[in-house]
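Residue strings, one per chain:
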Amino acid sequence: MQVPAQVEYERATSVAHALALLTRYGPESRILAGGHSLIPMMKLRLAQPETLIDINDLAELSYIRVADGELQIGALTRHAELLDSALAGEHFAILHDAERVIADPVVRNWGTIGGSLCQADPSEDLSAAFAALKAIMVICHADGSRTVPARDFHTGPYETVVAPAELLTEIRMPIRAGGGSAYEKVGRRVGDWPVGAAGAAVWLAGETISNAGIGLTAVGAQHFAATEAEEFLRGAPATEESFARAGEIAAEHCRPSSDQRGPADYKRHLAAELTVRALRRALLRARGEDA
């Protein structure tokens, strides 16, 4: 039987209380949100925190809203809530695309956006989506808060910039006119981690791409992003030829590993193909031709 090691348990009643508990118990404490990643790791003794700090009562961290020209998502928002949010889909369809292919309804009903990001799995879907949107992460600590670009949030596999006495509280995405976004994924089965996936966001000035964001996951892309491909697209015509070259550039800068999900060459091929598909659909949405 897989049984976690003995652990102390605290239930936070506010963000300030959660931060105080994190400070009190130190780096051996862990935040419990959805728990779909942490609890299985504890059962296998891959994670052995001394104290769990449960933040599920913090309704103040569960919201999806537009303020100050941004879409703002609270870190305790459940995947199912983001998938059901007409507001999120209206501004960034990529978020609905990604949420539809994350795990299954049971996980989406309880798993949280912040928990997924802080788990920092190299194959995490939302990490690529937020990288494509060039989102900003809000991290709170006892003395206030700080912001970090989504592309600087992960420092390595299962590692983030969140310090032991800090808490991710919000994700922000600037809303700009003339844009469209999409997410494309290939997995071995429905709800599985991706073999490869790509997210894209484009903004148009006529038929020219004024700005672009490309996020990649499970293919060894640095910071979940294809920055060289984005730079190529900026100022380029919104054509299939431009997208094909962007896909090639994205694949060239990936460093996939061969594993049980497939060989590296196949994953590199996926990076190129899925980048093109995501860009193509994002363009249609920017033109108002695809829901």
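Scope of this entry: the structure provided in the associated data block. Being a predicted model, the structure only gives us computed values, none of them experimental.

Some words on the overall build of the chain
Within the chain, the regular secondary structure consists of 12 helices and 13 strands. When the backbone C-alpha atoms are referred to their principal axes, the chain occupies close to 55 × 45 × 30 Å. The proportion of buried residues among the 291 residues of the chain is 52%. By sequence separation, contacts in the chain at least 24 residues apart represent 62% of the contacts at least 6 residues apart. Looking at the chain as shown, the accessible area adds up to about 12800 Å², and 51% of this sits on carbon and sulfur atoms. With 28 positive and 38 negative side-chain charges, the chain shows a separation of 3 Å between the mean positions of the two kinds.

Focus on the sheet that holds strand β13 (residues 208–217)
Across a sheet, strands are paired by hydrogen bonds formed along the backbone, either parallel or antiparallel in direction. With antiparallel pairing, the three strands of this open sheet are ordered in space as β11-β12-β13. Two strands bound the open sheet, and with one partner strand each, they are β11 (179–187) and β13. When the angles between neighbouring strand axes are averaged without regard to direction, this sheet yields 15 degrees. Where helix α8 (residues 125–132) meets the sheet, its contacts fall on β11, β12 (194–205) and β13, and the angle it forms with β13 comes to roughly 160 degrees.

A look at the sheet that holds strand β4 (residues 64–67)
Reading across the sheet, the five strands line up as β4-β5-β10-β6-β7 and stay open at both edges, with antiparallel pairing between neighbours. Either end of the sheet is taken by a strand with one partner, and the two such strands are β4 and β7 (144–149). On average, each strand axis in the sheet is inclined to that of its neighbour by 25 degrees, with strand direction left out of account. With five bridges connecting them, strand β5 (residues 70–74) and strand β10 (residues 167–174) associate as antiparallel partners. Following the sheet pairing, glycine 74 is matched in β10 by glutamate 170.

So, how was this worked out
Residues numbered from 1 in each chain as written. Predicted model: local features only at pLDDT ≥ 70, side-chain atom pairs only at ≥ 80, totals over all residues. Heavy atoms only, no water. Helix = DSSP H or I, 4+ residues; strand = E, 2+ residues; numbered from the N terminus. Buried < 20%, exposed > 50% of the residue type's maximum accessible area, 1.4 Å probe, protein only. Contact = heavy atoms within 4.5 Å. Areas by Shrake-Rupley, 256 points an atom, 1.4 Å probe, with all protein chains shown as cover. Lys, Arg positive; Asp, Glu negative; His and termini not counted. Charge placed at Lys NZ, Arg CZ, Asp CG, Glu CD. Pairing = 2+ DSSP bridges. Axes fitted to C-alpha atoms, helices over the stretch in contact; angles between N-to-C directions.

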